Amino acid sequence: MLKTAPAVFAVNNNYQIMVQTRRTCLFSVKVNGKMYYDESNGIMRSASEIHRVAVPLKELDKARSYTVIIRPVVRRLPYFTLTAPVKEYTFSFRPVPECNIKAYHISDAHNMTKEPISAAGVFGKIDLLILNGDVISHSGNPKKFDNIYKICSELTKGGIPVIFSRGNHDMRGKYAEQFAEYTPNDQGNTYYSFRLGGLWGIVLDCGEDKSDDHEEYGFTVACHDFRIRQTEFLKAQAKQIPKDAYRRLVIAHNPFTQIFEPPFDIEKELYGKWTKILREEIMPHLMLCGHTHELTVRMPGDELDHQGQPCPVITGAYIGKKYFAGCGYIFGENETKVIFTDSKGRILQEHRVTGVIRTRPKA
């Protein structure tokens, strides 16, 4: 009945348990005896093969297991809908620990699954998976979304959290407008905060990487206003930072603190506002990116820092023909270890990023 193990996405103070099914069904999740339903205004959903149930983070962390309940729909009717017997699948769950959190970062896989899974295997057992955009090559075919869930299933077995962000290639194709239905979101928004163990962070979505009127898009994007809304989101998040989170992260597919050559040199003023809010109010310790297909650790003040970079920016994905390199993290209380690994079984580089990079400036 299930195509893969569920993916347990972290969004704000909830987990969104999402999975694809092989046939039409009704979907619910039981946690510590309480039922949570995939419903829309009280109507159980069955029209889509992708299902989503939101469970409070604290409840699943405490229960450490959940049961997926599938009721196949034989024929959905106005009266006396016909269903088949229920099937149940139970998964153990391991919350993110407070310290020494092991996470692996995959972006820009562009439909590869075997190679990023192999690269993650070199890093070893993880507490958290980060999928940071362009996991698929485009959204022109809904079957491509299967690759997101294949990677989640293989690396998490439904038993650890996943943080997910959208990339610019995800915005292309007939099903791009439905992308949020196939992936985690906050009431339709592809940007949100998360809190896992000793980590707190925000997921930002830069949208496309060229101006809205670029001929490549054929009038199908309106990203400028979308980014303006995120400016307000950032201002609000600056007032909600938990004091006990020892690592503050920004996860964004596009390293927007970097100014690119034309036609990619967009939103200098707006991205400057984002960077200023991050630098002066949110003060993240690390920003995790993809997009540029490279493995780098850029410190504030380097030659590409034209916006007043708020913290080290780590770009952690490189791809080639049947080749992938990604990035592992060990988030400690006083330092973060950054380890680049690849699908050939190699550890490529190791870095240590220590301490609090910036402090809040005095008024």
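Here, every reference points to the structure presented above.
What counts and what doesn't
Residues numbered from 1 in each chain as written. Predicted model: local features only at pLDDT ≥ 70, side-chain atom pairs only at ≥ 80, totals over all residues. Heavy atoms only, no water. Buried < 20%, exposed > 50% of the residue type's maximum accessible area, 1.4 Å probe, protein only. Helix = DSSP H or I, 4+ residues; strand = E, 2+ residues; numbered from the N terminus. Phe/Tyr/Trp six-rings, centres within 6.5 Å; stacked < 30°, edge-to-face > 60°. Lys NZ or Arg CZ within 6 Å of the ring centre and 35° of its normal. Axes fitted to C-alpha atoms, helices over the stretch in contact; angles between N-to-C directions. Parallel < 35°, antiparallel > 145°, perpendicular 65-115°, else oblique. Contact = heavy atoms within 4.5 Å. Nonpolar A, V, L, I, M, F, W, Y, C, P; charged D, E, K, R; others polar. Salt bridge = Lys/Arg side-chain N within 4 Å of Asp/Glu carboxyl O. Core = buried A, V, L, I, M, F, W, Y, C linked by side-chain atoms within 4.5 Å. 1 Å grid on protein atoms, 1.4 Å probe; cavity = no way out; pocket = protein on both sides within 12 Å on 5 of 7 lines; lining within 4 Å. Points joined across faces, edges and corners; volume = space filled by probe spheres on them.

## A short note on helix H3 (residues 146-156)
Summarising burial for H3: nine of the eleven residues are buried, a large majority. Phi for Lys-157, located one or two positions after H3, is positive at around 55 degrees.

## A closer look at the packing of aromatic side chains
Under the criterion given, the structure shown has 15 aromatic pairs. When the ring of Phe-145 is compared with that of Tyr-182, the centres are 4.2 Å apart and the planes differ by 10 degrees; the resulting orientation is stacked. With Phe-145 in the loop between strand S12 (128-132) and H3 and Tyr-182 in helix H4 (residues 179-182), this pair connects stretches of sequence that are 37 residues apart. Across this residue pair, the class does not change: Phe-145 and Tyr-182 are buried. The structure contains a cluster of three or more aromatic residues connected by ring pairs, namely Phe-9, Phe-145, Tyr-149, Phe-164, Phe-179 and Tyr-182. The ring of Phe-123 carries Lys-102 above its face, with NZ or CZ at 4.6 Å from the centroid.

## A few points about the packing of helix H5 (residues 223-237) against helix H6 (residues 268-282)
It is the contact of H5 with H6, at a shortest axis distance of 10 Å, that shows an interaxial angle of 10 degrees. On the basis of the axis angle, H5 is roughly parallel to H6. From H5, His-224, Arg-227, Ile-228, Gln-230, Thr-231, Leu-234, Lys-235 and Gln-237 reach across to H6, where they touch Leu-270, Tyr-271, Trp-274, Ile-277, Leu-278 and Ile-282. Here the residues of the contact of H5 with H6 are counted per class, giving eight nonpolar, four polar and two charged.

## Comments concerning the pattern of salt bridges
Applying the stated criterion across every chain, the model contains 20 salt bridges. One salt bridge connects Asp-146 with Lys-3, and the closest N-O pair in it is separated by 3.7 Å. One end of the pair, Asp-146, is in helix H3; the other, Lys-3, is in the segment before strand S1 (7-11), and 143 residues separate them in sequence. Residue class for Asp-146 comes out buried when judged on its relative accessible area of 13%. Taking the shortest distance from any N to any O, the salt bridge between Glu-267 and Arg-227 comes out at 2.7 Å. On the criterion of sequence distance, the pair formed by Glu-267 in the loop between strand S16 (247-252) and H6 and Arg-227 in helix H5 is long-range, its members being 40 residues apart. The pair formed by Glu-267 and Arg-227 is uniform in burial state, with each residue classed as buried. When salt bridges with common partners are traced through the structure, they connect Arg-172, Glu-208, Asp-209, Lys-210 and Glu-216 into a single cluster.

## Topic: the nonpolar core
If you look at the biggest cluster of nonpolar residues, it comprises 79 residues, and the most contacted ones within it are Tyr-66 and Leu-131. Here this core gets six residues from one element, more than from any other, and that element is strand S20 (residues 323-331). The contact partners of Tyr-66, leaving out residues within four places of it in the chain, are Pro-6, Val-8, Ile-17, Val-29, Lys-30, Val-31, Leu-60, Tyr-89, Thr-90, Phe-91, Phe-93 and Gly-158. With 25 residues, the next largest nonpolar core counts Val-250, Tyr-271, Met-287 and Val-313 among its residues.

## Regarding empty space enclosed by the protein
Taken as a whole and assessed by the stated rule, the structure comprises two cavities of 30 Å³ or more. One number sums up the size of the largest cavity: a volume of about 40 Å³. What lines the largest cavity is simply Arg-166, Gly-167, Asn-168, Leu-204, Asp-205, Cys-206, Gly-207, Ala-252, His-253 and Asn-254. When the residues that make up the lining of the largest cavity are grouped by side-chain class, the tally is three nonpolar, five polar and two charged. If you add up the space inside the second largest cavity, you get close to 30 Å³. Taken together, Phe-164, Ser-165, Arg-166, Phe-179, Thr-183, Pro-184, Thr-190 and Tyr-192 make up the full set of residues lining the second largest cavity.

## Looking at unusual backbone geometry
Of note, the bond from Pro-262 into Pro-263 is cis; its omega dihedral lies within 30 degrees of zero at 5 degrees. Residue placement: Pro-263 occurs in the loop between S16 and H6. Positioned with a positive phi, Arg-64 is a non-glycine residue whose angle comes to about 60 degrees. Following the sequence through the fold, Arg-64 ends up in the loop between helix H1 (57-63) and strand S8 (65-75). Take Arg-64: its relative accessible area is 48%, and that puts it in the partly exposed class. Its identity as a non-glycine residue notwithstanding, Lys-157 has a phi of 55 degrees, on the positive side.

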